[in-house]
Amino acid sequence: LPGRARGGPHAGTGDRVLFGLCALASLLAGLTLAGIVYQVITHANPAISRFGLGFVGHTTWAPNFGVFGAGALIYGTLMSSLLALFLAAPLGIAIALYLSMIAPPGVRAVVGPLVELLAAIPSIIIGFWGVVVFAPFLQKHVEPALHSALGFIPLFGPPQTTGLSLFTAGLVLTLMVLPIIASLSRELFLTVPQELKDGAEALGATRWEVIRGVVLATTAPGVAAATLLGLGRALGEAIAVLLVAGELTQIHASLFQPGATMASLIATQFQNPVNSLHLASMFYIALLLLVIGLATSLLARLIAGRFDVQRTLAR
Amino acid sequence: VSVVPDSAAGDAAPDWTGPLTASGNLRRRAAVNRFVEAGASLAAVIGVAMLVIVVASVVSHGAGALNFGFVTTNTVGVLGGGIANALIGTAVVVTLAALIAVPIGILTGLYLTEFAGPRSRSARALKLALDLMQGLPTIVVALFIYGLIVIPEKKETGFAGAVALSIVMLPLVARSSQEVLSLVPGHLREAADALGVERWRAVRGVILPTAMGGIATGAILAIARAAGETAPLLVNDSLFASNVTQLNPFGNGVPTIPMYILNVFNNATTSASLSGAWGAAFVLLMFILLANIGARVLLARSRARMGG
């Protein structure tokens, strides 16, 4: 059968045409990925040969002086994304547990889709809301409170006037990562066989003990992979961060200072590169983002093992 | 919860005839359980509240800006007029992107389910490529198209933006098509084979019609995603696209809703002058939310039809 279907010698013209079209489309999809890698490397090449790997550690980004280093941007990317992950991972896993283990069926059918709808809101709208509504709120109420309570930690310095900061960026990213982690984890928790949960309950386990001893224990690699995919999303988000982070390419200890991430810097400065080296440096940053994106996806696959986490992401 | 008190908690000789009450260790376990359940419920409330807050914010600010003139007149200057040109532009660019991504995505899904064995090397490589593509930041995809199309053409066009959007859409359409096609009952394929029907006729007459609801769901979700994508358009379509309606994606930059919002935001000096951006955000959000809800309904109906 496969021989016939694949357009072997006995296949009709129609089958051969369909196979050819399908194979061509698949080839195109595969080639696109290769093309992305090739284009980004080619255009980044002038910057790579000029700065080498030192680009990653160098913290000055001054287009007008021809000095380009991604250090400050990597710092901004890491701080905002880790903050997002720090908040979204526990919250998302808790939501997933609620939806798969605790909520009554009627509530599940409503709350589950609502949480997933959060993922559908485009980054431009979240960013716009973030800068107009959320940032002033954080600046007035949350940042002063954190500063007075935890001000001895350099991360929580005095609040700035605008509210545009890596802190705001991290919280906005939380909003964007949360539905990913929540819906992926829920799918994982629903795969845990009912007999295992029933067995634990028959032994007298409370629901939390079932969650800890059976559900989380059997899905831990998948949950880690889901979190990693969420991190990948946060690391690469450009537009929302561009709007709320304040686009300052310097490193400040305080999260309440403005900052910039790799993706947001490209989105800001790509319109008007001052020279070809500036452009190449932005492609170099895109190359770093590409490597990070591929690495998080591959690592998530590796950790997830038997769980096909990305499969549920496509739905 | 009530069981016999264990000896560690109670007296040396438990009173087996007494009423059953929780004590000691069991009471602690029950308390921990209640604490965790309350925490998880609170997390769900926070998650829903986030959605409600953002949507309510956009609706309350945007509904005021919205009127018949706003959606039927072109933008004037940067902050004035309406969004008709941007709405039409988004429709042009997203339609073009869908025309590229949806057929290729469906054919890729067909290749995975009908031609390549699920464990074959080509199927695994293709799935890996699609997953990796889906995990890429959209700004990287945007720069790829900038290098591939905008630099050689020496101008930003709606077409370049549409191709970038199609790359964002492709893995979504392909993986969801593959999912749905693999749910088509095997006996339908076998029945077609037994009748001596050629594979392409079976695909056209049996397999695709059965899976159509699910495939359409994936396509709608991908279109909704593309309509709000900003980075690919910012880099490849012009931020400074003209204020007139652009129906030709190959000529120049095509104005779009996300670019309109960004433009208004960049140029607004007072919060009152942001009203156009709120209005556009409202229209975009309503389209995306309705598309998502519609896609969900469609999926539920087609699942019911396929008996899965």
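Residues numbered from 1 in each chain as written. Chains lettered and ligands numbered in written order. Predicted model: local features only at pLDDT ≥ 70, side-chain atom pairs only at ≥ 80, totals over all residues. Heavy atoms only, no water.

**Quick notes on the overall build of chain B**
No. 1: When its secondary structure is counted, chain B shows 11 helices and two strands.
No. 2: Looking at the 308 residues of chain B, the share that counts as buried comes to 53%.
No. 3: Considering only contacts within chain B whose residues lie at least 6 apart along the sequence, 71% involve residues at least 24 apart.
No. 4: Of the roughly 13300 Å² of accessible surface on chain B, 66% is carried by carbon and sulfur atoms. (Helix = DSSP H or I, 4+ residues; strand = E, 2+ residues; numbered from the N terminus. Buried < 20%, exposed > 50% of the residue type's maximum accessible area, 1.4 Å probe, protein only. Contact = heavy atoms within 4.5 Å. Areas by Shrake-Rupley, 256 points an atom, 1.4 Å probe, with all protein chains shown as cover.)

**Some remarks on the nonpolar core**
No. 1: In terms of nonpolar packing, the biggest core is built from 202 residues, with Ile36(A), Ile121(A), Phe270(A), Ile285(A), Ile139(B) and Ile261(B) touching the most fellow members.
No. 2: Looking at which element gives the most residues to this core, the answer is helix α4 (residues 71–102) of chain A, with 17 residues.
No. 3: Once you skip the residues sitting within four places of it in the chain, Ile285(A) turns out to touch Phe55(A), Trp61(A), Ala70(A), Leu73(A), Met262(A), Leu265(A) and Ile266(A). (Core = buried A, V, L, I, M, F, W, Y, C linked by side-chain atoms within 4.5 Å.)

**Some remarks on the interface of chain A and chain B**
No. 1: Contact residues are listed per partner, giving 80 residues for chain A and 86 residues for chain B.
No. 2: For the pairing of chain A and chain B, the buried interface totals around 7400 Å² over both sides, and the portion due to carbon and sulfur atoms is 77%.
No. 3: If you look at where chain A meets chain B, you find four salt bridges.
No. 4: With its nearest N and O atoms 2.7 Å apart, the salt bridge here joins Arg29(B) to Glu209(A).
No. 5: Summed over the shared surface of chain A and chain B, the result is 11 residue pairs in polar contact (both at pLDDT 80 or more).
No. 6: Element by element, the count of residues in the side of chain A that touches chain B is highest for helix α2 (residues 13–51) of chain A, at 19 residues.
No. 7: Looking at the side of chain A that touches chain B residue by residue, the classes come out as 55 nonpolar, 15 polar and 10 charged. (Buried area = accessible area lost by both parts, 1.4 Å probe. Salt bridge = Lys/Arg side-chain N within 4 Å of Asp/Glu carboxyl O. Polar contact = N/O pair within 3.5 Å; in protein donor to acceptor, adjacent residues only side chain to side chain. Nonpolar A, V, L, I, M, F, W, Y, C, P; charged D, E, K, R; others polar.)

**Re a nonpolar patch on the surface**
Residue and element names in this part refer to chain A.
No. 1: Side chains of Leu-299, Leu-302 and Ile-303 sit close together on the surface and give an oily, nonpolar patch of about 290 Å² of accessible area.
No. 2: Residue position: Leu-302 is located in helix α12 (residues 276–304).
No. 3: With relative accessibility at 68%, the residue Leu-302 sits in the exposed group. (Patch = residues over 30% accessible without salt bridge, like charges linked within 9 Å, V, L, I, M, F, W, Y side chains within 5 Å.)

**Some words on the pattern of salt bridges**
One side chain can pair with another of opposite charge once the charged atoms of both are near each other.
No. 1: In the structure shown here, the tally under the stated rule is 12 salt bridges over all chains.
No. 2: Arg225(B) is the partner of Glu229(B) in a salt bridge, and the nearest nitrogen-oxygen pair spans 3.0 Å.
No. 3: For Glu229(B), a relative accessible area of 8% corresponds to the buried category.
No. 4: Look at the salt bridges and you will find they share partners, linking Glu116(A), Arg186(A), Glu187(A) and Arg296(B) into a network.

**With respect to the packing of aromatic side chains**
No. 1: Under the criterion given, the structure shown has 15 aromatic pairs over all chains.
No. 2: A centroid spacing of 6.4 Å and a plane angle of 40° characterise the contact between Phe19(A) and Tyr111(B), whose relative ring orientation is tilted. Of this pair, Phe19(A) sits in helix α2 while Tyr111(B) sits in helix α3 (residues 84–115), each in a different chain.
No. 3: Overall, the relative accessible area of 22% leaves Phe19(A) in the partly exposed class.
No. 4: A centroid spacing of 6.2 Å and a plane angle of 70° characterise the contact between Phe51(A) and Phe68(A), whose relative ring orientation is edge-to-face. Of the two residues, Phe51(A) sits in helix α2 while Phe68(A) sits in strand β2 (residues 67–68), which places them 17 residues apart along the sequence.
No. 5: By relative accessible area, which is 1% here, Phe68(A) ends up buried. (Phe/Tyr/Trp six-rings, centres within 6.5 Å; stacked < 30°, edge-to-face > 60°.)

**So, unusual backbone geometry**
No. 1: One non-glycine residue, Glu247(A), lies in positive phi territory at about 50°.
No. 2: Despite not being glycine, Lys154(B) shows a phi value in the positive range, around 60°.
No. 3: Here Lys154(B) is to be found in the loop between α5 (138–153) and α6 (158–183).
No. 4: In this structure Lys154(B) comes out as exposed when scored by relative accessible area, which is 75%.

**Considerations on helix α6 (residues 123–150) of chain A**
No. 1: Between the first and last C-alpha of α6(A) there are merely 30 Å, a value that for 28 residues lags more than 12% behind the 40 Å anticipated at 1.5 Å per step.
No. 2: Helix geometry: α6(A) is bent most strongly at Gly130(A), by close to 45°. (Expected span 1.5 Å × (residues − 1). Bend = angle between axes of the 7 residues up to and from the residue.)

**Structural notes on the environment of Gly204(A)**
No. 1: Assignment of secondary structure puts Gly204(A) in the loop between α8 (194–202) and α9 (207–236).
No. 2: The exposure class of Gly204(A) is partly exposed, given its relative accessible area of 39%.
No. 3: For the pair Gly204(A) and Leu287(A), spaced 83 residues apart in sequence, the C-alpha to C-alpha distance is 53 Å.
No. 4: The residues contacting Gly204(A), other than those within four sequence positions of it, are Glu209(A) and Arg29(B).

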